[in-house]
Amino acid sequence: MNEQEFDNLWQEAEIKELAHRMAQGYPAWAHRRKRRQNGIVAGLAIGVVVAFTPALWHPSVNDNYITVCCNRTNIDDSQWVNLASEMLANDIMI
C-alpha cells in the first residue's frame with residue numbers, strides 16, 4: 001500500500017466517523033432547532049399582543065362635536081340654547 005492509498009483510506013474513515021457522529025447528533029439538533037423556532041414565534045406573538053393591547057384599553061373617542069343635528073321638531077328651543085351654552089363652556093375649558 002502506498003502513501004496515496006493510505007491517505008484515501010484515512011479520509012474515508014474520517015468521513016464515516018464524522019457522518020456517524022452527525023447522524024447521532026441530529027435528533028438533539030432538530031429538537032433544539034424546533035424549540036428555537038417555537039420561541040421566536042411565541043416572542044413575535046407576544047410582541048403583537050403587547051403592541052395592540054393599549055389601543056384596545058383606550059379606544060380613541062372624539063368628543064369634540066362642532067355641530068348638533070336633530071330631525072325632531074318637538075324639542076323646545078330652550079334645550080338647544082342650553083346645549084349650545086354647554087358646548088361653548090366645554091370649548092373654553094379645553
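Relevant structure appears above.
Since the structure is predicted, the reported quantities are computational estimates derived from the model, not experimental observations.

How each quantity is defined
Residues numbered from 1 in each chain as written. Predicted model: local features only at pLDDT ≥ 70, side-chain atom pairs only at ≥ 80, totals over all residues. Heavy atoms only, no water. Helix = DSSP H or I, 4+ residues; strand = E, 2+ residues; numbered from the N terminus. Areas by Shrake-Rupley, 256 points an atom, 1.4 Å probe, with all protein chains shown as cover. Phe/Tyr/Trp six-rings, centres within 6.5 Å; stacked < 30°, edge-to-face > 60°. Buried < 20%, exposed > 50% of the residue type's maximum accessible area, 1.4 Å probe, protein only. Patch = residues over 30% accessible without salt bridge, like charges linked within 9 Å, V, L, I, M, F, W, Y side chains within 5 Å. Salt bridge = Lys/Arg side-chain N within 4 Å of Asp/Glu carboxyl O. Lys, Arg positive; Asp, Glu negative; His and termini not counted. Charge placed at Lys NZ, Arg CZ, Asp CG, Glu CD.

**Things to note about the overall build of the chain**
Reasoning step 1: From N to C terminus, the chain includes two helices and zero strands.
Reasoning step 2: If you sum the accessible surface of the chain, you get close to 9300 Å²; carbon and sulfur atoms cover 60% of it.

**So, the packing of aromatic side chains**
Geometry of an aromatic ring pair is reported as the spacing of the ring centres plus the angle between the planes.
Reasoning step 1: By the definition in use, this model includes two aromatic pairs.
Reasoning step 2: Both rings, one in Tyr 26 and one in Trp 29, keep their centres 5.6 Å apart while their planes meet at 35°; by these two values the pair is tilted. Of the two residues, Tyr 26 and Trp 29 are both situated in helix α1 (residues 3–57); the distance of three residues between them amounts to about one turn of the helix.
Reasoning step 3: Note on Trp 29: relative accessible area 40%, which makes it partly exposed.

**Some remarks on a positive patch on the surface**
Reasoning step 1: Together, Arg 32, Arg 33, Lys 34 and Arg 36 line one region of the surface with positive charge.
Reasoning step 2: Here Lys 34 shows up in helix α1.
Reasoning step 3: Residue classification places Lys 34 among the partly exposed residues on the basis of a relative accessible area of 47%.

**Thoughts on the pattern of salt bridges**
Reasoning step 1: Taken as a whole and assessed by the stated rule, the structure comprises one salt bridge.
Reasoning step 2: With a shortest N-O distance of 3.8 Å, Glu 17 and Arg 21 are connected by a salt bridge. Separated by four residues within a single helix, Glu 17 and Arg 21 lie in helix α1, roughly one turn from each other.
Reasoning step 3: Look at Glu 17 and you get partly exposed, because its relative accessible area is 41%.

**So, a nonpolar patch on the surface**
Reasoning step 1: Where nonpolar side chains cluster on the molecular surface, the patch consists of Met 1, Phe 6, Leu 9 and Trp 10 and spans about 500 Å² of accessible area.
Reasoning step 2: One can find Leu 9 in helix α1.

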